[in-house]
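The residues making up each chain are set out below.
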Amino acid sequence: MNISTSVPTNRGLHIDWNLLDEYYQFINNLKERYQLHEEIGITHFLQQDGLISVIEQEVVNPEMENTIIIAVEEAVQQLRKMRIIEGKALQNEIANYLELMDSFVQEIFEAAPIVKVEYEEKLRKKNMRIYQWSF
């Protein structure tokens, strides 16, 4: 399932009231200190950066949320199915390796008596040669 859409937004104004209060107090202090008689107007505030900003808020779209939830649920179900299939494949592979190892062990058990006899014979021959050289 593919989901492609642009998220609608609503724009709004954000006013930093604390900064605005500080700015207003600053202007009043300037007027008082320098005995200015100019009235404080809205233009004093609108020209200052940071006092008023435009913010974008996402619009909640229940239909889109439901679509996303359904898509995530489907993805989780597919993941579970895939994990089960992978698990069974690994189980089969391990079982095959165990059977192969078991056949190797069987071959070793069958060959052990023969190898023992052959090895003893080699040691006897070697000892005989050493014994012959020592005289």
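Q: Looking at this structure, I do not really get the packing of aromatic side chains. What am I missing?
A: Think of a pair of aromatic rings as described by two things: how far the centres are apart, and how the planes are tilted against each other in angle. Per the counting criterion, the structure on display carries two aromatic pairs. Here Tyr23 and Phe45 contribute two aromatic rings whose centre-to-centre distance is 5.7 Å and whose plane-to-plane angle is 70°, an arrangement assigned as edge-to-face. In this pair, Tyr23 sits in helix 1 (residues 17–34) while Phe45 sits in helix 2 (residues 42–46), placing the two residues 22 residues apart along the sequence. Taking relative accessible area as the criterion, Tyr23 reaches 21% and is therefore assigned partly exposed. With a centroid separation of 6.3 Å and 25° between ring planes, the pair formed by Tyr24 and Phe45 is classed as stacked. Taken together, the residues span a long stretch of sequence, with Tyr24 in helix 1 and Phe45 in helix 2 at a distance of 21 residues. By relative accessible area, Tyr24 is classed as partly exposed at 40%. The class of Phe45 is buried, set by a relative accessible area of 14%.

Q: Just to check I follow, could you spell out unusual backbone geometry for this structure?
A: Excluding glycine, residues mostly carry a negative phi; peptide bonds, for their part, are mostly trans. In this structure, Gln35 is a non-glycine residue whose phi angle is positive, near 55°. Examined against the element boundaries, Gln35 turns out to sit in the loop between helix 1 and helix 2.

Q: Is there a simple way to think about a nonpolar patch on the surface in this case?
A: Judged by side-chain polarity, Leu13, Ile42, Leu46, Ile52 and Val54 come together as a nonpolar surface patch covering roughly 530 Å² of accessible area. Those elements that provide at least two residues to the nonpolar patch are helix 2 and strand 2 (52–58). Relative to the assigned elements, Val54 resides in strand 2.

Analysis parameters
- Residues numbered from 1 in each chain as written.
- Predicted model: local features only at pLDDT ≥ 70, side-chain atom pairs only at ≥ 80, totals over all residues.
- Heavy atoms only, no water.
- Phe/Tyr/Trp six-rings, centres within 6.5 Å; stacked < 30°, edge-to-face > 60°.
- Helix = DSSP H or I, 4+ residues; strand = E, 2+ residues; numbered from the N terminus.
- Buried < 20%, exposed > 50% of the residue type's maximum accessible area, 1.4 Å probe, protein only.
- Patch = residues over 30% accessible without salt bridge, like charges linked within 9 Å, V, L, I, M, F, W, Y side chains within 5 Å.
- Areas by Shrake-Rupley, 256 points an atom, 1.4 Å probe, with all protein chains shown as cover.
- Salt bridge = Lys/Arg side-chain N within 4 Å of Asp/Glu carboxyl O.

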